Amino acid sequence: MKKIGFLSFGHWSPSPQSGTRSGADALLQSIDLAVAAEELGADGAYYRVHHFARQLASPFPLLAAAGAKTKRIELGTAVIDMRYENPLYMAEDAGAADLIAGGRLQLGISRGSPEQVIDGWRYFGYVPEEGKSDADMARRHSEIFLDLLRGEGFAQPNPRPMFPNPPGLLRLEPFSAGLRERIWWGAATDATAVWAAKLGMNLQSSTLKFDETGEPLHVQQAKQIRAYRAAWKEAGHAREPRVSVSRSIFALVNDMDRAYFGGSEGEDHFGYIEPEKRAVFGRTYAAEPDKLVEQLKADEAIAEADTLLLTVPNQLGVDYNAHVIESILKHVAPALGWR
């Protein structure tokens, strides 16, 4: 059995060919797709965060709104770029959104990917410490955020407050119990996956990964997941971790599917997402359901993961993306034992 959700980047464009032409469209359609996915029986609605781009950015208003309009589906991110985040403000926002959703948030965080502007985090007021990198800064912000989610008091109360205080040091409010165990780290390397395991975060692995062996993406990801689980066990955490992988998967069941994605099936390819950092980019799976089932059986990383996130072409509209999700749930997942 696997949890199956969607992952949307929330692209929008004023082009007449786009079904998502504004920031408002992207946000409202993201909520509508979460509602539709829940009705179809999907397990998760996840959103990517990019700054300075015509995509989804500030996640917590979206997560709170989706949480208020749904009842069962998990609501998450994959991922929030921690270079841009104030961990204290984020802890308040995350706590509030999680309470609105009834404890359904699954927050993926990470160092983030290359952005639309140079050192965009500087415009948000963040600069790495002397001798540290932006990745170091992201990990430091993450560690502070995780510590805050423990819910322990740390701030000295005012002896003459406006309102009465509970005894002892004060914590940030609102506090949502259990959210700390629903934080995921988006890891592009084996080393950061191991680091995430030591800190007790769940693992997200994307449709790309920094190339460490020259092997196909699914093989490298499977090795990454196994290294993560070994580190988790060694750390002695009491609970079982969760692991997700993202994939572009399209079941061709009608003429529209074939028009959009017929012929888009390909192989992994290698390139440079950052200077001097070679990455492996995962293939698109697009085929008739019976063929798709056979292809997905050979994906080692999907087999290792408990959660699969389907990347969706959000600019094709809510109805079509609901169809994409339903096709996987109905025609593919049962044959693979995922349902």
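Keep in mind that what you see is a predicted model, and the values were worked out from it rather than measured.

Participant: Where do I start with the side chain of Asp-81 in this structure?
Facilitator: Mapped onto the secondary structure, Asp-81 falls in strand β3 (residues 74–81). Here Asp-81 falls in the buried class, since its relative accessible area comes to 0%. In this structure the side chain of Asp-81 is engaged in a polar contact, spanning 2.7 Å, whose partner is the side chain of Arg-83. Ignoring any residue separated from it by four or fewer positions in sequence, one finds Asp-81 in contact with Ser-110, Arg-111, Gly-112, Ser-113 and Glu-115.

Participant: Help me out: how do you make sense of the sheet that holds strand β10 (residues 277–281) in this one?
Facilitator: Note: strands within a sheet are paired through backbone hydrogen bonds, in either parallel or antiparallel orientation. On the basis of which strands lie adjacent, the open sheet formed by 3 strands has the order β7-β10-β9 and antiparallel pairing. Here the strands that pair on one side only, and so sit at the sheet edges, are β7 (208–210) and β9 (269–274). On average, adjacent strands in this sheet sit at an angle of 40 degrees to one another, irrespective of strand direction. Where β7 and β10 come together, 3 bridges link them in antiparallel fashion. Each bridged residue has a counterpart across the sheet, and for Leu-208 the counterpart in β10 is Phe-281.

Participant: Where do I start with helix α6 (residues 217–235) in this structure?
Facilitator: Count 3.6 residues to each turn of an α-helix, and residues three or four apart come out pointing the same way. With 19 residues, α6 extends 27 Å from end C-alpha to end C-alpha; this agrees with the ideal 27 Å at 1.5 Å per step. Buried residues of α6: Leu-217, His-218, Val-219, Gln-220, Gln-221, Ala-222, Gln-224, Ile-225, Tyr-228, Ala-231 and Trp-232, and no others. Backbone geometry just downstream of α6 places Gly-236 in the positive-phi region, at approximately 80 degrees.

Participant: Even after reading the chapter, I still don't get the layout of surface pockets, so can you show me in this structure?
Facilitator: Size it by volume and the largest pocket reaches roughly 910 Å³. For the largest pocket, the lining is made up of 40 residues, of which Arg-48, Ser-113, Ser-206, Leu-208 and Ile-273 are closest to its centre. Those elements that place two or more of their residues in the lining of the largest pocket are β3, α4 (134–148), β5 (183–186), β6 (202–205), β7, β8 (243–251), β9 and β12 (307–311). The biggest single contributor to the lining of the largest pocket is β8, with 4 residues. When the residues that make up the lining of the largest pocket are grouped by side-chain class, the tally is 17 nonpolar, 18 polar and 5 charged. Ser-58, Tyr-84, Glu-85, Tyr-89 and Asp-93 are, among the 13 residues lining the second largest pocket, the residues nearest its centre. At the level of elements, α2 (59–69) and α3 (87–100) are the ones that each hand at least two residues to the lining of the second largest pocket. Looking at side-chain class alone, the lining of the second largest pocket contains 8 nonpolar, 3 polar and 2 charged residues.

Reading guide: rules and limits
Residues numbered from 1 in each chain as written. Predicted model: local features only at pLDDT ≥ 70, side-chain atom pairs only at ≥ 80, totals over all residues. Heavy atoms only, no water. Helix = DSSP H or I, 4+ residues; strand = E, 2+ residues; numbered from the N terminus. Buried < 20%, exposed > 50% of the residue type's maximum accessible area, 1.4 Å probe, protein only. Polar contact = N/O pair within 3.5 Å; in protein donor to acceptor, adjacent residues only side chain to side chain. Contact = heavy atoms within 4.5 Å. Pairing = 2+ DSSP bridges. Axes fitted to C-alpha atoms, helices over the stretch in contact; angles between N-to-C directions. Expected span 1.5 Å × (residues − 1). 1 Å grid on protein atoms, 1.4 Å probe; cavity = no way out; pocket = protein on both sides within 12 Å on 5 of 7 lines; lining within 4 Å. Points joined across faces, edges and corners; volume = space filled by probe spheres on them. Nonpolar A, V, L, I, M, F, W, Y, C, P; charged D, E, K, R; others polar.

All quantities given are derived from atomic positions and should not be read as evidence of function.
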